[in-house]
Amino acid sequence: MKNYIDIYCERLEPGLWAEPLNAVTNVAFFISAFFAYRLAKKENALNSQTRGLIILLCAIGLGSTMFHTMATPAAQRSDVLPIVLYQIFFIVFYALNVMRLNVFVTSVLFVVFLGSSAVMDQIPANILNGSAGYFPALIFLSGFALWQARHGKVEPKTLQYAALTFILSLIFRTMDMEICGIFPLGTHFLWHTLNGVVLYLTTRAYILNQEKKP
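Reading guide: rules and limits
Residues numbered from 1 in each chain as written. Predicted model: local features only at pLDDT ≥ 70, side-chain atom pairs only at ≥ 80, totals over all residues. Heavy atoms only, no water. Axes fitted to C-alpha atoms, helices over the stretch in contact; angles between N-to-C directions. Helix = DSSP H or I, 4+ residues; strand = E, 2+ residues; numbered from the N terminus. Parallel < 35°, antiparallel > 145°, perpendicular 65-115°, else oblique. Left-handed = near helix turned anticlockwise from the far one by under 90°. Contact = heavy atoms within 4.5 Å. Nonpolar A, V, L, I, M, F, W, Y, C, P; charged D, E, K, R; others polar. Disulfide = S-S within 2.5 Å. Buried < 20%, exposed > 50% of the residue type's maximum accessible area, 1.4 Å probe, protein only. Phe/Tyr/Trp six-rings, centres within 6.5 Å; stacked < 30°, edge-to-face > 60°. Polar contact = N/O pair within 3.5 Å; in protein donor to acceptor, adjacent residues only side chain to side chain.

**Quick notes on the packing of helix 4 (residues 73-97) against helix 5 (residues 103-120)**
Right, so step 1: Remark: helix 4 packs on helix 5, axes separated minimally by 10 Å, with the N-to-C direction vectors making an angle of 155°. Between helix 4 and helix 5, the angle is such that the two are roughly antiparallel. Of the two elements, helix 4 crosses helix 5, and the hand of that crossing is right-handed. The segment helix 4 lies against helix 5, with Gln-87, Ile-88, Ile-91, Val-92, Ala-95 and Leu-96 engaging Val-103, Thr-106, Leu-109, Phe-110, Phe-113 and Leu-114.
Right, so step 2: Across the contact of helix 4 with helix 5, the residue classes break down as 10 nonpolar, two polar and no charged.

This is how it looks when you write it as structure tokens:
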């Protein structure tokens, strides 16, 4: 009887190392956290918000590693939760401390993001290989990228690069199960690698552009 979650091309059986490439490439998130921490320290920006984002980068790496080794429902939850929290915290922190929006408008963005994410999560996983749930994050990231470019912030194109990289990573996530017949390792490992870049760029944009506290 099957008692493990098998939703990636690389996994063919139960076991801690049934997805070696998917598991090992989670190091991208820890590398992202390391460089984000180093940048924040250099910029004297290790405040509670920045620390929270960096901690979540590590939690994403840890949760994803657990899921791609254990492949259990509990491990899947440990994979999903830090990703959701990072998205929420980044949107709220960026809106408040970079865009300088008031609490009401930020709350509206928060509700819109959660609502749209909940709607997209209802799309069956066999459509787009479960990637539809990330579309709201892509839309918000693209909107923030346009805002940052127009308002002449530090490194104004950083979020644009993040959005473009995120589109590419979503493509690789979506095609994973479709190419098993010709490439048994799949492409989910590229989702990890590219998302490490995406998360570093978004954290970098926040670190460099946040309102500096006296």
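So much for the structure itself; the text now carries on.
**Some remarks on the state of the cysteines**
Right, so step 1: Taken as a whole, this structure holds one disulfide when the rule is applied.
Right, so step 2: Disulfide pairing places Cys-9 opposite Cys-180 at an S-S distance of 2.1 Å. On the criterion of sequence distance, the pair formed by Cys-9 in the segment before helix 1 (20-24) and Cys-180 in the loop between helix 7 (158-175) and helix 8 (188-209) is long-range, its members being 171 residues apart.
Right, so step 3: With relative accessibility at 5%, the residue Cys-9 sits in the buried group.
Right, so step 4: With a relative accessible area of 23%, Cys-180 lands in the partly exposed category.

**What to know about the packing of aromatic side chains**
Each pair of aromatic rings is reported with the distance of its centres and the angle of its planes.
Right, so step 1: Applying the stated criterion to the full structure yields 13 aromatic pairs.
Right, so step 2: Centre to centre, the rings of Tyr-86 and Phe-90 are 6.2 Å apart; their planes meet at 5°, and the pair counts as stacked. Here Tyr-86 pairs with Phe-90, and both are found in helix 4, just four residues apart, close to one helical turn.
Right, so step 3: Ring geometry for Tyr-134 versus Trp-191: centroids 4.9 Å apart, planes at 65°, classification edge-to-face. Taken as a pair, Tyr-134 in the loop between helix 5 and helix 6 (135-150) and Trp-191 in helix 8 lie far apart in primary sequence, 57 residues in all.
Right, so step 4: Note on Trp-191: relative accessible area 5%, which makes it buried.
Right, so step 5: Put simply, the rings of Tyr-86, Phe-90, Tyr-94, Phe-113, Phe-140, Phe-144 and Trp-147 pair up and form one aromatic cluster.

**Re unusual backbone geometry**
Right, so step 1: One non-glycine residue, Ala-71, adopts positive backbone phi at about 55°.
Right, so step 2: Considering the arrangement of structural elements, one finds Ala-71 in the loop between helix 3 (48-70) and helix 4.
Right, so step 3: A relative accessible area of 0% means that Ala-71 is categorised as buried.
Right, so step 4: For Glu-155, which is not glycine, the phi dihedral falls at a positive 45°.
Right, so step 5: Locating Glu-155 in the fold gives a position in the loop between helix 6 and helix 7.

**Details of the side chain of Thr-25**
Right, so step 1: Along the polypeptide, Thr-25 turns up in the loop between helix 1 and helix 2 (27-42).
Right, so step 2: For Thr-25, a relative accessible area of 12% puts it in the buried group.
Right, so step 3: Within the local environment of Thr-25, its side chain forms a polar contact with the backbone oxygen of Leu-21, the two atoms lying 2.7 Å apart.
Right, so step 4: At a separation of 3.3 Å, a polar atom in the side chain of Thr-25 contacts the main-chain carbonyl oxygen of Asn-22.
Right, so step 5: Dropping the residues within four chain positions of it, Thr-25 is found in contact with Phe-189, His-192 and Thr-193.

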